[in-house]
Structures are given as structure tokens and as C-alpha cells.
Amino acid sequence: MSRYFCHDHPDVLSVETQVVDARPGAVILAQSPFHPGGGGQLPDRGRLAWQSGDVAVTGFEVTDGRVWHLLSEPAEPSGAVRASVDREFRAAQTELHTGAHILNALVYRHFNGALITGAQLGDDLSARIDFDLPGVDNDRLRALEAEINDVIGQDLPVRYSWVPLEAASAQPGLLRSRSVAPPPTPDGTVRIVEIVGLDRQACGGTHLASTAQSRPLRILKIDNKGRHNRRVRISLVDARA
Ligand SMILES: [Zn+2]
């Protein structure tokens, strides 16, 4: 699989491209602005328009390293198409996913390198993140809310680098999740996301350019899920609501 276009061009959400393979209701594109999801981030939504049609892109299917874009109708577009990501949906996922990083960085720092055991973003500005945290008082977790918002206020920049998987595996803390591996790249490297001054970890998701682009975050709820697992629900504060 080649590197995601959106990793190199996170702000390009609409491209003119070509259909390189098609079957009724699905296409492979020469270039795709879509993020297919992963690591708890929901797959992008959007549209595909061509000379004689326009359909919604509803999902993705990766087969033999190729990304099929699933369409809302059994159309079979060919030739030149315009592929467009739903901007609002992507922006909300990006903001929420960046917030999940901040939480996860603070949990890692305050609780002896505690790892993530699962993450799922919602489409309603909320997310749940599970941590392996035996024996931690939930009030100490709740207290992270102020620190999360302090990090947002500091406007820390977010940067990327690619390092060989072997080197990443050897460095404690870079592979933070027990359940999710970052997507592979053709040269065997993994993408490292750095919130400068706070955290570095391997991740294939989409992130804000700096933390102050995020709305404030609330910790809504903390549940004990089994002896080891703590589930933290967070939500962006929607000023429009
Ligand atoms: Zn990420």
C-alpha cells in the first residue's frame, strides 16, 4: 500500500483524479483525498462526481493493498472524477482525534506509561478511549480535564516524521496502543506524530496543526470495564449547541 495522500496533503480535501478500477458500487482512484479510518478514527465521508453522475462515498474496503471506495449506489463511474471529502465531518474527527492524543499523552505521563487498549470516535463530537489502568482512582483521571484544556490553550504545534518500524518498536512509548497498529508504508517506516513538548507516538490518523485549533474538551464519564480497563468518555464543547 502506498502512503495515504492525506498524510502528505492533509488540507487537500477535493481532487480531480481518474478511476483506475471499478465494479458496480465501488471504485479505485489514482489519487484519493479520503482517510479510510483506523485507530478509532471514523472513515471519511464524501462524494464522487463525474460527467454523468454524482454519488456519496460511504465507506472503504482495503483488498490486496488497494483501497476500494464504496458508493451509495451501484454506479460504475469511469474516466475523470472529482473526489471530495466531507469537510465538516473530517474537521470534527481531526479535532476529536487530536484531543484523544492529548488525553492519552497525559495518561501515559501521569500513570507510569499506561497503554491504550481501545479507542472509538463518534460522529457526535464525543469519543471513548480505553486504558490499561489497574488500581487508579477515577478522581485522578477526572482531574486531567483541566490539564487537557491547559495543553489546548498552550497552542503546541503538531509535527510528523517517519521512522523505521524496528527503531520505533525499540523506543518505549512510541507504539502506544495494544490494539491498534499504525498503517504500513511501502518502505517499512511508521509515521510518528509529535505534539511538540508533550508527546510522540506512532499514528496514522488526522490531526490539527496545533492544539489551540481545538475547542475545549470535557471528560464526561469514566467507567471501570473489567479489572484493568478504564473507559474515558470525552466530548468537545460545542459552542453552537
Ligand atoms: Zn493520531
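Small disclaimer: the values here were computed from a predicted structure and weren't measured.

Engineer: It is not clear to me how the pattern of salt bridges should be interpreted in this structure. Could you clarify?
Structural biologist: Charged atoms that come close allow side chains of opposite charge to pair. Under the criterion given, the structure shown has 14 salt bridges. Among the charged side chains, a salt-bridge network with shared partners connects E95, R215 and D238.

Engineer: It is not clear to me how the side chain of Q201 should be interpreted in this structure. Could you clarify?
Structural biologist: Checked against the element boundaries, Q201 lands in strand β11 (residues 199–202). Overall, Q201 belongs to the buried group, its relative accessible area being 5%. At 3.4 Å, the side chain of Q201 forms a polar contact with the side chain of N104. Beyond its immediate chain neighbours, meaning those up to four positions away, Q201 contacts H101, N104, G173, L174, R176, R191, I192 and V193.

Engineer: Any chance you could explain the nonpolar core here in plain terms?
Structural biologist: Among soluble globular proteins, nonpolar side chains are generally buried collectively. One finds L103 and V107 to be the most contacted residues of the largest nonpolar core, which totals 34 residues. Listing elements by their share of this core, those giving two or more residues are α2 (87–110), β7 (116–121), β8 (126–132), α4 (144–153), β10 (189–195), β12 (217–225) and β13 (229–236). Considering each element in turn, this core owes the most residues, 7 residues, to α2. Those residues in contact with V107, other than ones at most four positions away along the chain, are A114, F131, L133, L141 and L144. Membership of the second largest hydrophobic core comes to 17 residues, among which are V27, L29, V57 and V81.

Engineer: Explain the pairing of strand β2 (residues 26–29) here, please?
Structural biologist: In the case of a regular strand, side chains alternate between the two sheet surfaces. Covered by surrounding structure in β2 are A26 and I28 together with V27 and L29, the residues of both alternating faces. Where strand β1 (residues 14–23) lies against β2, 4 bridges are found, and the strand directions are antiparallel. Note that in β2 the partner of R23 across the bridge is A26. The turn linking β1 back onto β2 is made up of 2 residues, and G25 within it adopts a positive phi angle of 85°.

What counts, and where the lines are drawn
Residues numbered from 1 in each chain as written. Predicted model: local features only at pLDDT ≥ 70, side-chain atom pairs only at ≥ 80, totals over all residues. Heavy atoms only, no water. Salt bridge = Lys/Arg side-chain N within 4 Å of Asp/Glu carboxyl O. Helix = DSSP H or I, 4+ residues; strand = E, 2+ residues; numbered from the N terminus. Buried < 20%, exposed > 50% of the residue type's maximum accessible area, 1.4 Å probe, protein only. Polar contact = N/O pair within 3.5 Å; in protein donor to acceptor, adjacent residues only side chain to side chain. Contact = heavy atoms within 4.5 Å. Core = buried A, V, L, I, M, F, W, Y, C linked by side-chain atoms within 4.5 Å. Pairing = 2+ DSSP bridges.

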